[in-house]
Amino acid sequence: QVHLVESGGGLVQAGGSLRLSCAASGRTFSSYGMGWFHQAPGKEREFVAAIRWTNSNTYYADSVKGRFTISRDDAKTTVYLLMNSLNAEDTAIYYCAADPFERPSPWRPLLYSYWGQGTQVTVSS
């Protein structure tokens, strides 16, 4: 089992920044594919960003490219999501997820076996 805990959410003005953290514990973390998803009220959970452990490749939703950066600190078993130039459309609950098999198409939520409880991000306009 892998236990994921997100933190760093909050209220920020449009144009501001936040850095989300996802702390992992449990089974070996270093070989997992990690992803961030968000879910706004009344909408489905959507892909935000992902990172591969084997080659450090990163993937982003078109809506966040150039504004968000995903990274990881293997020593601390933590994944980060730096969010810049936030706007009202970024308001959502943000979830961290782990895929123990690091499968292709990391933007698909069904690939992920483990999920955190989520952290709320609210952007005021």
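Criteria and cut-off values
- Residues numbered from 1 in each chain as written.
- Predicted model: local features only at pLDDT ≥ 70, side-chain atom pairs only at ≥ 80, totals over all residues.
- Heavy atoms only, no water.
- Helix = DSSP H or I, 4+ residues; strand = E, 2+ residues; numbered from the N terminus.
- Rg over C-alpha atoms; globule rule 2.2 N^0.38 Å.
- Buried < 20%, exposed > 50% of the residue type's maximum accessible area, 1.4 Å probe, protein only.
- Contact = heavy atoms within 4.5 Å.
- Areas by Shrake-Rupley, 256 points an atom, 1.4 Å probe, with all protein chains shown as cover.
- Lys, Arg positive; Asp, Glu negative; His and termini not counted.
- Charge placed at Lys NZ, Arg CZ, Asp CG, Glu CD.
- 1 Å grid on protein atoms, 1.4 Å probe; cavity = no way out; pocket = protein on both sides within 12 Å on 5 of 7 lines; lining within 4 Å.
- Points joined across faces, edges and corners; volume = space filled by probe spheres on them.
- Nonpolar A, V, L, I, M, F, W, Y, C, P; charged D, E, K, R; others polar.
- Salt bridge = Lys/Arg side-chain N within 4 Å of Asp/Glu carboxyl O.
- Disulfide = S-S within 2.5 Å.

(A) Focus on the overall build of the protein. Summing up its helical and strand segments, the protein has zero helices and eleven strands in all. Tracing the protein from N to C terminus, the helices and strands come up as β-β-β-β-β-β-β-β-β-β-β. Against the compact-globule benchmark of 14 Å for 125 residues, the protein has a radius of gyration of 13 Å, which places it among compact chains. Taking the principal axes of its C-alpha atoms as reference, the protein extends roughly 40 × 25 × 25 Å. Expressed as a percentage of the 125 residues in the protein, the buried residues total 44%. Restricting the contact set of the protein to residue pairs at least 6 apart, pairs at least 24 apart contribute 57%. Accessible area for the protein stands at about 6300 Å²; split by element, carbon and sulfur atoms hold 49% of it. Of the charged side chains in the protein, 11 are positive and 10 negative, and the gap between their average positions amounts to 4 Å.

(B) The layout of surface pockets, seen in detail. Quantified by volume, the largest pocket comes out at close to 160 Å³. In terms of lining, the largest pocket is formed by 13 residues, of which the most central are His 38, Lys 43, Glu 46, Glu 89 and Asp 90. When grouped by side-chain class, the residues that make up the lining of the largest pocket number three nonpolar, four polar and six charged.

(C) Region of interest: the pattern of salt bridges. Taken as a whole, this structure holds three salt bridges when the rule is applied. One salt bridge connects Lys 65 with Asp 62, and the closest N-O pair in it is separated by 3.2 Å. Asp 99 is paired through a salt bridge with Arg 103; the nearest N and O atoms lie 3.1 Å apart. We classify Arg 103 as partly exposed; its relative accessible area is 29%.

(D) Expanded view of the state of the cysteines. For the structure shown, the criterion picks out one disulfide. The disulfide that involves Cys 22 links it to Cys 96, with 2.0 Å between the sulfurs. The chirality of the disulfide connecting Cys 22 with Cys 96 is left-handed, given an S-S dihedral of about -75 degrees. On the criterion of sequence distance, the pair formed by Cys 22 in strand S3 (residues 18-26) and Cys 96 in strand S9 (residues 92-99) is long-range, its members being 74 residues apart. Exposure remark for Cys 22: the relative accessible area of 0% places this residue in the buried category.

(E) Up close: empty space enclosed by the protein. A complete count under the given rule lists one cavity of 30 Å³ or more for this structure. Approximately 30 Å³ is the volume found for the largest cavity. Along its surface, the largest cavity is lined by Gly 33, Met 34, Ala 50, Ile 51, Arg 52, Asp 99, Arg 103, Pro 106 and Tyr 112. Mapped onto the lining of the largest cavity, the elements with two or more residues apiece are strand S4 (33-39) and strand S5 (46-51). Along the lines of polarity and charge, the residues of the lining of the largest cavity split into five nonpolar, one polar and three charged.

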